[in-house]
Amino acid sequence: MFFATLPWFSPLLHAADSAAPAADPGTTWDLTPLYADEAAWRAAKDRVAAGIPKIKDFEGRLGESAATLLQAMDFVQGLRDEFVRLSVYASLVLDENTRNSAALERTQELGLLGTQFAQAMSVIDPELLVVGEEKIRGFLDREPGLKPYRFSLLEVLRAAPHTLGREAEGVLSAASLVTGTPGSLYGILANADMPWPTIKLSDGTEARLDQSGYARWRASANRADREAVFDAFWKKVRDYERTFGVTLFSQMKTDWFNASTRKYPSTLAAALDADNIPEAVYRTLLAETNANLPTLHRYFKLRARMLGVSEMHYWDIYPPIVALDKKFPLSTSRDLAIHAVAPLGAEYQKLFADSLSGRYTHYYPQPGKRAGAYMNGSVHNAHAYVLMNYNDDYESLSTLAHEWGHGVHSLLANANQPSPDARYSIFTAEIASTQNEVLLLDHMLKVAQSDDERLYYLGSALENMRGTFFRQAMFAEFELAIHEAVEKGNSLSGAKLSQMYGDILRRYHGDAQGVVKIDDLVTVEWAYIPHFYRRFYVYQYATSIAAGTAFADRILAHEPGAVDTYLGLLKAGGSDHPYELVKRAGVDLATPAPYRALVARMNSIMDQIEAILAKRNR
Ligand SMILES: [Zn+2]
């Protein structure tokens, strides 16, 4: 789940279900720094609601003078900051217990207020374009108070070639009422209406294979169970191949409609332009992934060997290659995570440690609590918060390091940038979190007490690289292929999508070389991926883990200046285009180097695993 629901507010979400006993107050977050109580929240909401209609007082006046522009920007920013604070508070309270109907009502109220806000704001950008670049640059040079708005104002001007006239913008804005339909239909069918099958596992468990059931049972240690899970789940999805084909094809057409009416040559160009990412980043990612498929195949062969299977199938990808019977209680995990980030220096480590020990994390599962984990650091002058479903296992420790990687990123960005420039793009976000995962692995390998334990950490790191790098790049390649097909005027049926996906899936998994056997049944997997309803989103997981690995390599090798340039990237927040920020910190994602760093790391991990296995066989 990675979908923003409100403007200017997009928590970074990571799904990982669990369910256990209720939390004690010491392990929950304290939200009073956001609002002292309900009454304070409501009073603030009323202030924002009263302020929104006043935005139009600035209509037609933005070009009057630098002072008027500053007054307008300050007024809008004030409303925006308060609106974000209202939203964060409302969503955090709701996520503690999603059955809390008062909390649900508050988020719905804010949804309505957000729509009014967006409508009131829709006059601002077109007017800035009418005022024009020359005049605005003049204002920026003359009025130092406008400095915090410089980047965002220039961003509005950058969009000029793709902004239409008032009438056409009105039509596009009205069209947005219907352009979300494919995604909504997909969501209802995939999450609510699918008649998911139930099967009996070898130990007698009745397993209902909905999306979370599938994610859980496909990792079963019993191979026959895994095969049965795949068979039942994908047969059911296959029954709806035609319907999912229609929803995805509709989404592709919608995306192309939006891109072409805004005069972009392709949907990819439109998507990348939002953050000014060079197309070379996308192309280089795909080229490097394909060139390095032998590394992925090496991993699959190693996995087959460790699982003891002679012909590896798609259902052998998910079970852990080694079991780890070790508990990670919260206090132990906090210690381990804090030690793990030591290479990032004292400033970072202190922020990280204070975050883990202060009341900024809602740690344990409780009835009604939202599943998974996320960080929300959207409130500029407040601490970041993390929601966990802590479960005393290594996965929980790793998630803790990951989420507070996002959290400290937000703390540093908020402390070093004015509010309009603090919020960073998804393109840089996952760098901060994967970085911490790499550091955690490095630390765990140092403190591991047995080869089995070491194998577990190494195996979990490999699986993370497969899932976050190779698999997301594979999705990115498929996504590009189907968008391009639609742009050429081709029609896509469910069967056609399965054929296109199957070709890519087989190539990535070395089906022809006998690495992983891909059965026809699973080529409908595209129908299960919600991210395709958010154009060109997934590639950023792959670029982020590559960049995160490249930074971690330098930091762990004690390269002079490596820590400072990395922290500089975090502190920069969203003050410039994300590709430029990462490049300035020394990692150019339009070149092969960072992708090769990731592949080298993956090979080095496999070398370590093979060395342990060889030692055993001696
Ligand atoms: Zn993340």
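Residues numbered from 1 in each chain as written. Predicted model: local features only at pLDDT ≥ 70, side-chain atom pairs only at ≥ 80, totals over all residues. Heavy atoms only, no water.

Named according to an unreviewed UniProt entry, the protein is Oligopeptidase F originating from Opitutus terrae. If you open the UniProt record of the protein and go to Function (unreviewed entry), you find "Has oligopeptidase activity and degrades a variety of small bioactive peptides." (UniProt positions renumbered as here; feature names shortened; annotations may be inferred.)

Q: Help me out: how do you make sense of the overall build of the protein in this one?
A: On a plain count of helices and strands, the protein comes out with 25 helices and six strands. The C-alpha radius of gyration computed for the protein amounts to 25 Å, which stays within 12% of the reference 25 Å derived for 618 residues, consistent with globular compactness. Along the three orthogonal principal directions, the C-alpha set of the protein runs to about 80 × 55 × 50 Å. Taking all 618 residues of the protein together, 54% fall into the buried category. Partitioning the intrachain contacts of the protein with sequence separation of at least 6 by distance along the chain shows that 77% fall at a separation of at least 24. Carbon together with sulfur atoms contributes 53% to the accessible area of the protein, which is approximately 25600 Å² in total. (Helix = DSSP H or I, 4+ residues; strand = E, 2+ residues; numbered from the N terminus. Rg over C-alpha atoms; globule rule 2.2 N^0.38 Å. Buried < 20%, exposed > 50% of the residue type's maximum accessible area, 1.4 Å probe, protein only. Contact = heavy atoms within 4.5 Å. Areas by Shrake-Rupley, 256 points an atom, 1.4 Å probe, with all protein chains shown as cover.)

Q: Would you mind showing me how to read the UniProt feature "domain: Oligopeptidase F N-terminal" (unreviewed entry) in the protein here?
A: With numbering matched to this structure, UniProt assigns "domain: Oligopeptidase F N-terminal" (unreviewed entry) to residues 127-194. The span residues 127-194 carries 75% helix and 0% strand; its end-to-end C-alpha distance comes to 46 Å.

Q: I'm lost on the packing of aromatic side chains in this one. Help?
A: Note on aromatic pairs: each is described by the distance of the centres and the angle between the planes. Considering all chains together, one arrives at 35 aromatic pairs under this definition. Where Phe 58 meets Phe 75, the ring centres are 5.9 Å apart and the plane angle is 40 degrees; that geometry is what we call tilted. Placement of Phe 58 in the loop between helix H1 (38-51) and helix H2 (66-96) and of Phe 75 in helix H2 is noted, with a sequence separation of 17 residues between them. The rings of Trp 196, Tyr 214, Phe 230, Phe 233, Trp 234, Tyr 314, Trp 315, Tyr 318 and Tyr 528 are connected pair by pair, giving a single aromatic cluster. Arg 106 extends its terminal NZ or CZ atom over the ring of Trp 41, reaching a point 5.7 Å from the ring centre. Above the ring of Tyr 318, the side-chain terminus of Arg 218 is found at 3.7 Å from the ring centroid. (Phe/Tyr/Trp six-rings, centres within 6.5 Å; stacked < 30°, edge-to-face > 60°. Lys NZ or Arg CZ within 6 Å of the ring centre and 35° of its normal.)

Q: I would appreciate a short explanation of the pairing of strand S5 (residues 373-376) in the present structure.
A: Regular strands have side chains that alternate between both faces of the sheet. In S5, alternate side chains face the same way, and those of Ala 373 and Met 375 on one face and Tyr 374 and Asn 376 on the other are all buried. Sheet topology places S5 next to strand S6 (residues 385-387); three bridges connect them, and they run antiparallel. Across the sheet, Tyr 374 pairs through a bridge with Leu 387, a residue of S6. (Pairing = 2+ DSSP bridges.)

Q: I would appreciate a short explanation of the environment of Ser 173 in the present structure.
A: Relative to the assigned elements, Ser 173 resides in helix H7 (residues 166-179). According to the relative accessible area criterion, Ser 173 is partly exposed, its value standing at 47%. Note: C-alpha distance between Ser 173 and Glu 241 (68 residues apart in sequence) is 32 Å.

Q: Sorry, what's going on with the confidence of the model for the protein here?
A: Predicted coordinates in areas of low pLDDT are best not read in detail. Mean pLDDT for the protein: 92, with 96% of residues reaching 70 or above. In this model, residues 1-23 is a region of pLDDT below 50 whose contacts with residues beyond four sequence positions or in other chains number 68 contacts. (pLDDT = per-residue confidence, 0-100.)

Q: Could you clarify how one ought to interpret the side chain of Arg 466 in this entry?
A: By secondary structure assignment, the location of Arg 466 is in helix H20 (residues 451-487). Those residues in contact with Arg 466 that sit more than four places away from it in its chain are Leu 296, Tyr 299, Phe 300, Ile 317, Tyr 318, Arg 471 and Met 602.

Q: Quick question: what am I supposed to make of H7 here?
A: The first and last C-alpha atoms of H7 sit 19 Å apart over 14 residues, in line with the 20 Å expected at 1.5 Å per residue. Considered for burial, the residues of H7 that qualify are Glu 169, Leu 172, Ala 175 and Thr 179. Here the buried residues of H7 occupy an arc of 120 degrees about the axis, which is enough to place them on one side. Of the exposed residues in H7, those oriented more than 90 degrees away from the buried face are Arg 166, Glu 167, Val 171 and Leu 177. Those residues of H7 hidden inside the fold are in contact with helix H8 (181-193) and helix H11 (241-261). (Expected span 1.5 Å × (residues − 1). Arc of directions from axis to C-beta.)

Q: It is not clear to me how the packing of H7 against H11 should be interpreted in this structure. Could you clarify?
A: Packed helices, taken two at a time, are described by the angle between their axes plus the distance between the axes. Two numbers describe how H7 lies on H11: the axes approach to 11 Å, and their chain directions differ by 170 degrees. It follows that H7 is roughly antiparallel to H11 by the angle criterion. Contact residues: H7 offers Leu 172, Ala 175 and Thr 179, while H11 offers Thr 254, Phe 257 and Thr 261. Partitioned by chemical class, the residues of the contact of H7 with H11 number three nonpolar, three polar and no charged. (Axes fitted to C-alpha atoms, helices over the stretch in contact; angles between N-to-C directions. Parallel < 35°, antiparallel > 145°, perpendicular 65-115°, else oblique. Nonpolar A, V, L, I, M, F, W, Y, C, P; charged D, E, K, R; others polar.)

Q: In this structure, what is going on with the pattern of salt bridges? I would like to understand it.
A: When the charged atoms of two side chains with opposite charge come close together, those side chains can pair. Tallying each qualifying case throughout the model produces 35 salt bridges. Linking Asp 210 and Arg 208 is a salt bridge whose minimum nitrogen-to-oxygen distance equals 3.1 Å. According to the relative accessible area criterion, Arg 208 is partly exposed, its value standing at 43%. Each member of the salt-bridge network shares a partner with another, and the members are Arg 42, Lys 45 and Glu 109. (Salt bridge = Lys/Arg side-chain N within 4 Å of Asp/Glu carboxyl O.)

Q: Any chance you could explain the packing of H11 against H20 here in plain terms?
A: For the pair H11 and H20, interaxial distance at closest approach is 10 Å and the crossing angle is 70 degrees. On the basis of the axis angle, H11 is roughly perpendicular to H20. Relative to H20, the crossing made by H11 is right-handed. In this structure, H11 uses Leu 248, Phe 249, Met 252, Lys 253, Asp 255 and Trp 256 to contact H20, whose residues at the interface are Ile 482, His 483, Val 486 and Glu 487. Partitioned by chemical class, the residues of the contact of H11 with H20 number six nonpolar, one polar and three charged. (Left-handed = near helix turned anticlockwise from the far one by under 90°.)

Q: What is the right way to read the environment of Asn 416 from this model?
A: Residue placement: Asn 416 occurs in helix H17 (residues 394-416). The class for Asn 416 is partly exposed, based on a relative accessible area of 41%. Separated by 159 residues in the primary sequence, Asn 416 and Ser 575 place their C-alpha atoms 10.0 Å from one another.

Q: Explanation requested: the environment of Arg 208 in the structure shown.
A: Its place among the elements puts Arg 208 in strand S3 (residues 206-208). Considered as a pair, Arg 208 and Tyr 394 are 186 residues apart in the sequence and their alpha carbons are 26 Å apart. If we ignore the near neighbours within four places in the chain, the residues touching Arg 208 are Met 194, Trp 196, Pro 197, Thr 198 and Gly 213. Side-chain polar atoms of Arg 208 contact the side chain of Asp 210, separated by 3.1 Å. (Polar contact = N/O pair within 3.5 Å; in protein donor to acceptor, adjacent residues only side chain to side chain.)

Q: Looking at this structure, how should I read H8?
A: Turning to H8, its buried residues are Pro 182, Tyr 186, Leu 189 and Ala 190. Along the axis of H8, the buried positions cluster into a sector of 85 degrees, meaning they face one direction only. Along H8, the residues that are exposed and aim more than 90 degrees away from the buried face are Asn 191, Ala 192 and Asp 193. At its buried positions, H8 is contacted by H7, helix H9 (211-217) and H11.

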